[in-house]
Amino acid sequence: MPNTECRRRGVETFRKHLPEYLMEAAELGIFMISAGVFTCVFEYPGSPIHQAIANADMRRFFIGIAMGLTAIALIYSPWGKQSGAHMNPAVTLTFYRLGKVKQQDAIFYILFQCLGGLVGIYLVALLLGKVFTQPPVNYVVTVPGTLGWVAALLGELVIAFLMMMTVLLASNNQKLNRFTGLFAGFLVMLYVFFEAPLSGFGMNPARTFASAFPSQIWTAFWLYLIVPPAGMLLASTLYQYLFGQRAVKCAKLHHENHKRCIFRCGYNRNGNIDLSDRLPISGKHS
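All of these numbers come straight from a predicted model, not from anything done at the bench. (Residues numbered from 1 in each chain as written. Predicted model: local features only at pLDDT ≥ 70, side-chain atom pairs only at ≥ 80, totals over all residues. Heavy atoms only, no water.)

Draft legend 1. Just helix α6 (residues 103-128), in detail. The terminal C-alpha atoms of α6, which comprises 26 residues, lie 38 Å apart, in line with the 38 Å expected from a rise of 1.5 Å per residue. Backbone geometry just downstream of α6 places Gly129 in the positive-phi region, at approximately 60°. (Helix = DSSP H or I, 4+ residues; strand = E, 2+ residues; numbered from the N terminus. Expected span 1.5 Å × (residues − 1).)

Pasting the structure below:
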């Protein structure tokens, strides 16, 4: 009987939270579509824009702007406001470790993120064909740069650590939490320009898997699977050490909205920090 009751509750929770799971899939799918399209526009040799901008660093700079703006738009979109705009298993795992995401939600967030990323990549392949699937774009795969896997590992570790630390510092500050998405998007811009030559700028196991699966390019895949979560978990450990075990209030990147929150949330119904750190009994949180 207890097992039956647990399964029933699990199915009920899945149905109730399915909208958030689908939003996470759609968000990463859109991000991958944006990454694929803009990379083709700037890097495909036959593209007029590629031919007009001879400098590779300048092209990467514009790609970074496009991807940063895409991330910001998704975080502040209605879907991002409701699901929390994780779009990344490393983010979800970190908030799970912090006690803000329930186990079932974490599992399905990660599953749908991977599925959404795959759908996004396949849609771009269907739309652009060999322009996207062949070198130099090559499914926008993430592989170590010319300095090798050690440099890629260090790069992935640093950018994941800085991203999560920034998210935690901003999202848990009453004056800064509304700007969390802007900070995250700005970091994406910087990462594409400065770090991508080292590792291809993965920082997201679902994003790397989405490109590796159709291309069957698994070079150093273990690195992109393990290092981003490790970097973010390290940041969360340091954050709690500095500010306390109850310093993290929610798993959403943007919380000042009227969308429901399915997480173990430390905000009250008005969007302010609830110092009791208890789950609201009713209202927009569930």
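Draft legend 2. Just the nonpolar core, in detail. Membership of the largest hydrophobic core comes to 63 residues, with the highest contact counts inside it found for Phe95, Phe132, Met163, Phe201, Met203, Met232 and Phe263. For this core, the element with the highest residue contribution is helix α1 (residues 2-43), accounting for eight residues. Every residue in contact with Met203, bar those within four places of it in the chain, is listed here: Asn88, Glu156, Ile159, Ala160, Met163, Tyr191, Pro228 and Met232. In this structure, Ala152, Ala220, Tyr224 and Val227 belong to the second largest nonpolar core, which totals five residues. (Core = buried A, V, L, I, M, F, W, Y, C linked by side-chain atoms within 4.5 Å. Buried < 20%, exposed > 50% of the residue type's maximum accessible area, 1.4 Å probe, protein only. Contact = heavy atoms within 4.5 Å.)

Draft legend 3. Quick look at the packing of aromatic side chains. In this structure the tally under the stated criterion is 17 aromatic pairs. When the centroid spacing of 5.7 Å and the interplanar angle of 40° are considered together, the rings of Phe209 and Phe213 count as tilted. Residue Phe209 and its partner Phe213 are located together in helix α10 (residues 205-215), separated by four residues, close to a single helical turn. Residue Phe213 is classed as partly exposed on the basis of its relative accessible area of 38%. Through successive ring pairs, a cluster of aromatic residues spans Phe14, Tyr21, Phe108, Tyr109, Phe112 and Phe263. (Phe/Tyr/Trp six-rings, centres within 6.5 Å; stacked < 30°, edge-to-face > 60°.)

Draft legend 4. Structural detail: a nonpolar patch on the surface. Judged by side-chain polarity, Trp149, Val150, Leu154, Trp222, Leu225 and Ile226 come together as a nonpolar surface patch covering roughly 620 Å² of accessible area. At the level of elements, α8 (149-171) and α11 (221-243) are the ones that each hand at least two residues to the nonpolar patch. By the secondary structure assignment, Ile226 is in helix α11. (Patch = residues over 30% accessible without salt bridge, like charges linked within 9 Å, V, L, I, M, F, W, Y side chains within 5 Å. Areas by Shrake-Rupley, 256 points an atom, 1.4 Å probe, with all protein chains shown as cover. Salt bridge = Lys/Arg side-chain N within 4 Å of Asp/Glu carboxyl O.)

Draft legend 5. Structural context of the UniProt feature "transmembrane region" (unreviewed entry) in the protein. As annotated in UniProt, the feature "transmembrane region" (unreviewed entry) corresponds to residues 21-41, 61-79, 106-128, 148-170, 182-201 and 221-242 in the numbering used here. Annotation note: span residues 61-79, helix share 89%, strand share 0%, distance between end C-alpha atoms 28 Å. Between the C-alpha atoms that bound residues 106-128 there is a distance of 33 Å. The span itself is 100% helix and 0% strand. (UniProt positions renumbered as here; feature names shortened; annotations may be inferred.)

Draft legend 6. Region of the structure containing the packing of α8 against α11. In the contact formed by α8 and α11, the axes pass within 8 Å of each other and the chain directions differ by 40°. In this view, α8 runs oblique relative to α11, as classed from their interaxial angle. Read as a crossing pair, α8 and α11 show a hand that is right-handed. Split by residue class, the contact of α8 with α11 holds 23 nonpolar, two polar and one charged. (Axes fitted to C-alpha atoms, helices over the stretch in contact; angles between N-to-C directions. Parallel < 35°, antiparallel > 145°, perpendicular 65-115°, else oblique. Left-handed = near helix turned anticlockwise from the far one by under 90°. Nonpolar A, V, L, I, M, F, W, Y, C, P; charged D, E, K, R; others polar.)

Draft legend 7. Structural detail: the side chain of Asn172. By secondary structure assignment, the location of Asn172 is in the loop between α8 and α9 (180-199). Judged by relative accessible area, Asn172 falls into the buried class, the value being 12%.

Draft legend 8. Layout of the pattern of salt bridges. Following the criterion strictly, the structure yields four salt bridges and no others. The salt bridge partner of Arg260 is Glu20, with a shortest N-O separation of 2.7 Å. Of the two residues, Arg260 is situated in the segment after α11 and Glu20 in helix α1; the sequence distance between them amounts to 240 residues. Among the ionic pairs, Glu43 bridges to Arg59, the shortest N-O distance being 3.4 Å. Separated by 16 residues along the polypeptide, Glu43 in helix α1 and Arg59 in helix α3 (residues 56-75) bring together distant segments of the chain.

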